[in-house]
Amino acid sequence: EDSEEEETADSKRLRMAREYLDKLEAQESSSEGESDSDNGASDDDEDGVPVDKVGKRIAKERLRKSGLLQSRIADSVLEGIQSMQSSIADSSQGKSAEACAKLWINAKYVTYLRGHDLTPTCVSLSQQGTKAFSGAKDGSVIMWNVQDGTKTTILPAIKDQYAANLTDRNEREILAIATSDDDRYLAIGGRDNCVRIFDTRSLGKSTSSPLTTMEGHKKPVTALAFRSRSLDLYSGSEDRCIRRYDLNAMTYVETLYGHQSPIVAIDCANKNRPVSIARDRTVRVWKVEEDSHLVYRGGGDVGSAECITAIQDGWFVTGHDD
């Protein structure tokens, strides 16, 4: 005879809430443990009051789901830019764009970071904002410390004398970079038709070798995007296909077909509906679970799209060459 009492709806909600809080606390402990060991940071604010990190994270998630987080971030960024502009407004009047750019640099509002031999092609910023990653035409990938500008080379540049095994030096050109929301994984794609996955926690501490290399695209990988708050990764290519990967298991999941021209960019919010643009002048929203997709056409007067960003579930913006 089963002696256990049946769980009520209220007790189930309470149990699930406790499990969720325990999970958040475990994630905060793991993420903060490494930064504390490196920086010696304290869990107290300036007044010595303990910081409720879990509460802050819950509040941030609530703002994100309501769509208010982007508005607050945009207002904060705009306020900062306006403050910087006003501080150099008198000095920039009547000057050329190049002279104005030098004013921003001299005021330390803009910093140039140099390290690639050839033109950089893609950049990705970590969620915490402490690290930036850049790829270039020379095949190099560099991790930058945003605060002090120091660099760590992840992939070295391919010099002409070392390119004997390549039909062309351009085959190592890096075209796309993406970082996961938990700042754990870095995905790199390029003209070698592969997607390479690195563990950012080990970069700079040991040999920078990828955890795994995803093959399958027939042409260069031109776009990469992680689904927000997950380890689902999407890659777009000049072969007109989008491939989906699960980095929890480090496996390929499926391929999405529909574009008639090379894919230019891709992005994905929390809901598993990535959005992509291609040279066929269409924007496609992929309903992954339903195995279908929506097609948006800009019309005859709209130029080809060059970039796309998913602001939140159901909202995205595109930039065009017109």
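Before reading on, note that the structure itself is shown above.
Residues numbered from 1 in each chain as written. Predicted model: local features only at pLDDT ≥ 70, side-chain atom pairs only at ≥ 80, totals over all residues. Heavy atoms only, no water.

A.B. asks: Explain the layout of surface pockets residue by residue, including any values.
C.D. replies: Empty space within the second largest pocket amounts to approximately 260 Å³. In terms of lining residues, the second largest pocket is bounded by Leu113, Arg114, Gly115, His116, Leu118, Pro120, Val123, Leu125, Ala132, Ser134, Trp144 and Val146. Elements represented by at least two residues in the lining of the second largest pocket include exactly strand 1 (120-125) and strand 2 (131-136). For the lining of the second largest pocket, the element with the highest residue contribution is strand 1, accounting for 3 residues. Taken together, the residues of the lining of the second largest pocket break down into 8 nonpolar, 3 polar and 1 charged. (1 Å grid on protein atoms, 1.4 Å probe; cavity = no way out; pocket = protein on both sides within 12 Å on 5 of 7 lines; lining within 4 Å. Points joined across faces, edges and corners; volume = space filled by probe spheres on them. Helix = DSSP H or I, 4+ residues; strand = E, 2+ residues; numbered from the N terminus. Nonpolar A, V, L, I, M, F, W, Y, C, P; charged D, E, K, R; others polar.)

A.B. asks: Outline the pattern of salt bridges, supporting the account with residue identities and numerical values.
C.D. replies: Taken as a whole and assessed by the stated rule, the structure comprises 12 salt bridges. For the salt bridge of Arg279 with Glu306, the shortest nitrogen-to-oxygen distance reads 2.9 Å. Of this pair, Arg279 sits in the loop between strand 14 (275-278) and strand 15 (282-287) while Glu306 is found in strand 17 (residues 305-312), placing the two residues 27 residues apart along the sequence. Within the structure, one salt-bridge network assembled from shared partners comprises Arg227, Asp232, Arg244 and Glu254. (Salt bridge = Lys/Arg side-chain N within 4 Å of Asp/Glu carboxyl O.)

A.B. asks: Give a description of unusual backbone geometry that names residues and reports values.
C.D. replies: Of note in the backbone geometry, Arg240 takes a positive phi value of approximately 75 degrees without being a glycine. With a relative accessible area of 40%, Arg240 lands in the partly exposed category. A positive phi angle, close to 65 degrees, is found at Arg281, a residue other than glycine. With respect to the helices and strands, Arg281 occurs in the loop between strand 14 and strand 15. (Buried < 20%, exposed > 50% of the residue type's maximum accessible area, 1.4 Å probe, protein only.)

A.B. asks: Provide a residue-level description of the pairing of strand 3 (residues 141-145), including the pertinent values.
C.D. replies: Where burial is concerned, most of strand 3 is hidden: 4 out of the 5 residues are buried. Where strand 2 lies against strand 3, 5 bridges are found, and the strand directions are antiparallel. Among the inter-strand pairings, Lys131 is bridged to a residue of strand 3, identified as Asn145. What sits between the antiparallel neighbours strand 2 and strand 3 is a turn of 4 residues, in which Gly139 has the positive phi angle 85 degrees. With 4 bridges connecting them, strand 3 and strand 4 (residues 151-155) associate as antiparallel partners. Each bridged residue has a counterpart across the sheet, and for Val141 the counterpart in strand 4 is Leu155. (Pairing = 2+ DSSP bridges.)

A.B. asks: Tell me about the sheet that holds strand 10 (residues 232-237), and please be specific about residues and values.
C.D. replies: With antiparallel pairing, the 4 strands of this open sheet are ordered in space as 9-10-11-12. A single partner strand is all that each edge strand has here, and the edge strands are strand 9 (221-226) and strand 12 (251-256). The sheet shows a mean angle of 25 degrees between the axes of neighbouring strands, direction not considered. In this structure, strand 10 lies alongside strand 11 (residues 242-246), joined through 5 bridges in antiparallel fashion. Across the sheet, residue Asp232 finds its bridge partner in strand 11, namely Asp246. (Axes fitted to C-alpha atoms, helices over the stretch in contact; angles between N-to-C directions.)

A.B. asks: Before we move on, can you summarise the nonpolar core with the specific residues and values?
C.D. replies: Among the nonpolar cores identified, the biggest contains 14 residues, and Ala187, Val195, Ile197, Leu224, Phe226, Leu233 and Leu247 are the most heavily contacted of them. For this core, the secondary-structure elements that each account for two or more residues are strand 5 (174-179), strand 6 (185-190), strand 7 (195-199) and strand 9. The element that contributes the greatest number of residues to this core is strand 9, accounting for 3 residues. Not counting residues within four places of it along the chain, the set of residues in contact with Phe226 comprises Ala178, Thr179, Ser180, Tyr185, Ala187, Leu231, Asp232, Leu233, Leu247 and Cys268. (Core = buried A, V, L, I, M, F, W, Y, C linked by side-chain atoms within 4.5 Å. Contact = heavy atoms within 4.5 Å.)

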